[in-house]
Each structure stands twice: as structure tokens, then as C-alpha cells.
Amino acid sequence: MSAPTLTATRPLRIGPLVSPTPVVLAPMAGITNSAYRRLCREQGEGFYVSEMITSRALVERTPETMRLITFEADETPRSLQLYGVDPLTVAKAVEMIVAEDLADHVDLNFGCPVPKVTRKGGGSALPWKATLFRDIVRGAVREASKGGIPVTVKMRKGIDDDHLTYLQAGKAAEEEGVAAVALHGRTASQHYSGTADWDAIARLRETVTTIPVLGNGDVWSAEDALEMVRRTGVDGVVVGRGCLGRPWLFADLQAGFAGRPERVRPGLRHVTQVLRRHAELLCHFYEDELRGCRDIRKHISWYFKGYAVGGDMRAKLGLVDTLEALDELIAGLDLDQPYPGEAAEGSRGRAGSPQAKVALPEGWLESQELTGVAAEMIRQAELSVSGG
């Protein structure tokens, strides 16, 4: 596929923060910790966002959350994604971020389709409650502005095709002062299945006109990113599953948006060098070699997609528990294998299956205002944070 031509690519501006390459690493649970963010930053420019942080857990300073919000000394800008279902908790979390200088950029999660999130009215379910959505965004922007920190919103098209919210939510976010909005071109019911709706991303770009709009979904290559920008007019792209096992995608994206033709086409030796670097960074992140090696196991199939690495060897790599053991297994591979081409390209990560019914709080779809059981759920959440 030849690269689509762009006459010029503007830097991506999120409030006072600027990246010459208009690319954002999407938050991914269990993936975008500081180790993986560093690995990607070593490849190219962009905004590299933390795993989703629960506002309640941040306010209550749970040990795991405090570890997850750790940024490396040279990591800039520090982008942190927050999740929450009630305005008070989210505002308190942002107030804490400002007061303790925990981040330079806050992204609000309104896109997660996972049932344990949507059944509480969070993630991609929340924008259906229009006033609640606006209240959360307004409170976050108010608190963040006290420290000059920009707030962005990441969302999906809606709950399902009968309950679309992205245009209304995008406009509301713009009116409440967010610095940018990002749209994953799928509904919650689609999960990651099917094809991302880039036409919806284009419609959001036409609706939200005063701040950057970013597109997310089915960006597997630099060519895909350039084509999304060409077709939709967005100001940049958000990359999630496309970089799993191939952090060098960010080098391709930097080259592509700069108008350069070079792309990383790694042989197996280069792949294993990056894999080894990733494992080492994970061990540093966890301050525990065993835990770091256990974490790298889930990345093995992504790194070796398309390469001739047999099932027995993959199984052994999936049990690795020390860096020395990893080195020994890597030494047993045919490291002179060249890049396998199309076999290493395309989709990766779990797509999931379309959901016939999205898990939601009782009565959630009856009104776009907060009523009934859902209203009580939010009220109790507020009371627990305020000490009432």
C-alpha cells in the first residue's frame, strides 16, 4: 500500500502542550504502564497516556494506583487518564493532580466498553446521561485550569446504534472547555469487533470546530493513520491495539506524518532486541524480576506475529521467569529471519464479539437524565468520597 500524500501536517496541540507528530498512544489496561510508554517514546514523538486510573482509587491513594501513576523523570508530557462516574470524585481527583503536580495532561475516559465498567454507568455508557457527562467534564476542567493543565475526552460513538451520543457529547465537551476530543469509531456493543466507523469520526470533526479532534480505530500502520487524516480531516490519530508487539509503529508514524517513506521492517533479531528491552523495563517498573517476566509473557504472541517461531518455543517463552531464561530462549531462535511481510501486519489483540446487550445499571436507557436507581448509585458514590 502506498502512503497517502498530505501537503502538510500540523503539530498536535493539546492546550499548551505540543507534539510535532500528531499521535496519541491510547490507554490500555495492563499495557501502557511506564515501561511500555518509555519503549514507545524511544521510537517516536507523541502523547503517551497512562493506563486508566480510577478517580476513587486515586483520591483514596490505594498503593497500586499510586504506583500506576508513576512517571519516569524524563517522561514529558505526563498524560494521565482518569475514569469516574460522579462529578465530585473526578473533580477531587483532578484537584489532587494539580496540587501534587502528578501530571501535565488529564484525559477523561468515556470510551471503555468492558462490562464491569459499563454496568456501573461508566466508560462508554456514561455520555448517555447528558447532564452527568457535562457535570463531570465541567468539574474536571475547572480544577485542572487552576494548574494550567489541559483536559481531553476520549469516547465511543455511543452504547449501540440506537443510543448514539458522540455528537452531543463532543459538542458539550467543547463548550465546557476541553482541549481536545477523541472518538473511537465503534459503539460499546461492538467492543472491538467489526470495522471502525471513520465516517462518524468525520462527522464529529465537522461538529466540533474550535478544538482538535482525534480519530481512533483500525490504525494498524502509518498508511492507515495518513488515510484516516485524509478521509476525516482529524487533527491526529489515537493508536491502541495496532502497536501491540510493535512499538516501532511510532517510528513509522513519525516518518509518515513528516512525509518520509521509510518504515521499520524488522527481522527477528531486531524484534527480540525490542522484546528483551521491554522485559527489562518491566522488571524495573515492578522492581521485581519475576513479576516483570510474568508480564512480558502476554506480549510474546504479538511480538512474534508472522515469524517462524514454533508452538513449543512460544509455549516456553510463555513460561519465562527470569531475564536469563529469556536470553537463553531467544538464543535458540533463528534470529536471521527477515521481516515476513503481510503476515506480521494487520490487526492484533482481542477483538471480542459484538454484545447483544451492553451491561448497564437498571433503567439506564429510560432517560438521558439521571433518575431512579442510577441516581442513587451516583449519590452514594458522592457520599462515600465526601465522608457523608
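Residues numbered from 1 in each chain as written. Predicted model: local features only at pLDDT ≥ 70, side-chain atom pairs only at ≥ 80, totals over all residues. Heavy atoms only, no water.

*Asks:* Looking at this structure, I do not really get the nonpolar core. What am I missing?
*Replies:* As a rule of thumb, nonpolar side chains are buried together in soluble globular proteins. Judged by nonpolar contacts, the single largest core of 109 residues is most densely connected at L82, L108, V153 and F304. At 10 residues, helix α11 (residues 268–286) tops the list of elements feeding residues into this core. Formed jointly, this core draws a minimum of three residues from each of two domains, domain 1 (16–264) and domain 2 (268–340). Not counting the four nearest positions on each side in its chain, L108 is found in contact with Q81, L82, V90, V137, A140, V151, T152, V153 and K154. Within the second largest apolar cluster, 11 residues are counted, among which are L17, V24, A182 and V238. (Core = buried A, V, L, I, M, F, W, Y, C linked by side-chain atoms within 4.5 Å. Buried < 20%, exposed > 50% of the residue type's maximum accessible area, 1.4 Å probe, protein only. Helix = DSSP H or I, 4+ residues; strand = E, 2+ residues; numbered from the N terminus. Domains from an automatic or database assignment. Contact = heavy atoms within 4.5 Å.)

*Asks:* Quick question: what am I supposed to make of empty space enclosed by the protein here?
*Replies:* To locate leftover empty space, one rolls a probe as large as a water molecule over the atoms. In the structure shown here, the tally under the stated rule is 4 cavities of 30 Å³ or more. By volume, the largest cavity amounts to about 110 Å³. In terms of lining, the largest cavity is formed by 14 residues, of which the most central are V24, D107, T152, A182 and L214. When contributions to the lining of the largest cavity are tallied by element, the ones reaching two or more residues are β6 (105–110), β7 (151–156) and β8 (180–184). Across the lining of the largest cavity, the residue classes break down as 10 nonpolar, 2 polar and 2 charged. Taken as a whole, the second largest cavity encloses approximately 60 Å³ of empty space. In this structure, the second largest cavity is lined by G245, R246, W248, P266, W302, Y303, K305, Y307, Y339, A344 and R348. (1 Å grid on protein atoms, 1.4 Å probe; cavity = no way out; pocket = protein on both sides within 12 Å on 5 of 7 lines; lining within 4 Å. Points joined across faces, edges and corners; volume = space filled by probe spheres on them. Nonpolar A, V, L, I, M, F, W, Y, C, P; charged D, E, K, R; others polar.)

*Asks:* Even after reading the chapter, I still don't get the packing of helix α6 (residues 130–145) against helix α7 (residues 166–175), so can you show me in this structure?
*Replies:* To characterise two packed helices, one gives the angle between the axes of the helices and the distance between these axes. Direction vectors running N to C along α6 and α7 enclose 30 degrees, while the axes themselves pass 10 Å from each other. Classified by chirality, the crossing of α7 by α6 is right-handed. Mapping the contact onto sequence places A130, F133, R134 and V137 in α6 and Q168, A169, A172, A173 and E175 in α7. (Axes fitted to C-alpha atoms, helices over the stretch in contact; angles between N-to-C directions. Left-handed = near helix turned anticlockwise from the far one by under 90°.)

*Asks:* Could you clarify how one ought to interpret helix α8 (residues 198–207) in this entry?
*Replies:* Working note: α-helix, 3.6 residues per turn, so residues spaced by three or four point in the same direction. All buried positions along α8 are accounted for by W198, A200, I201, A202, L204 and R205. In the core, the buried residues of α8 are packed alongside β7, α7, β8, β9 (213–216) and α9 (222–232). Two to three positions downstream of the cap, the backbone nitrogen of D199 sits 3.1 Å from a side-chain oxygen, assigning the N-cap of α8 to D197. (Polar contact = N/O pair within 3.5 Å; in protein donor to acceptor, adjacent residues only side chain to side chain.)

*Asks:* What's the story with the state of the cysteines in this structure? I'm lost.
*Replies:* Here is the idea: a disulfide is a covalent bond, and it sits between the sulfur atoms of two cysteines. Scanning the entire structure with this criterion turns up 0 disulfides. Of all cysteine sulfurs, the one in C40 lies closest to C243, which takes part in no disulfide; the gap is 4.9 Å. C293 forms no disulfide, and the closest cysteine sulfur to it belongs to C283, at a distance of 4.2 Å. (Disulfide = S-S within 2.5 Å.)

*Asks:* So what exactly am I meant to see when it comes to the sheet that holds β6 here?
*Replies:* Sheet strands line up and pair through hydrogen bonds in the backbone, either parallel or antiparallel. Read around the closed barrel, the 8 strands follow the order β3-β4-β5-β6-β7-β8-β9-β10; overall the barrel is parallel. Here the strands of the sheet are splayed against their neighbours by 25 degrees on average, with no regard to which way each runs. In this sheet, β9 lies alongside β8 in parallel orientation, the contact comprising 4 bridges. Within the sheet, the bridge partner assigned to H184 lies in β9 and is N216. (Pairing = 2+ DSSP bridges.)

*Asks:* Whenever I open this one, the UniProt feature "binding site: FMN" (unreviewed entry) in the chain confuses me. Can you help?
*Replies:* Per the UniProt entry, the sites bearing "binding site: FMN" (unreviewed entry) are P27, M28, A29, Q81, K154, H184, G240 and R241 in this numbering. Of the annotated set named above, P27 and K154 line the largest cavity. By secondary structure assignment, the location of M28 is in the loop between β3 (23–25) and α1 (34–41). Once residues within four sequence positions are removed from consideration, M28 is found in contact with E51, G240, R241, C243 and L244. Residue Q81 is classed as buried on the basis of its relative accessible area of 2%. In this structure, Q81 is in contact with P27, V49, S50, E51, M52, I53, D107, L108, N109 and K154, ignoring residues within four places of it in sequence. (UniProt positions renumbered as here; feature names shortened; annotations may be inferred.)

*Asks:* Is there a simple way to think about the pattern of salt bridges in this case?
*Replies:* This structure, assessed with the given rule, holds 31 salt bridges. Across the pair E175 and R134 runs a salt bridge whose closest N-O atoms are separated by 3.0 Å. Placement of the pair is E175 in helix α7 and R134 in helix α6, with a sequence separation of 41 residues. Residue classification places R134 among the partly exposed positions, given a relative accessible area of 25%. (Salt bridge = Lys/Arg side-chain N within 4 Å of Asp/Glu carboxyl O.)

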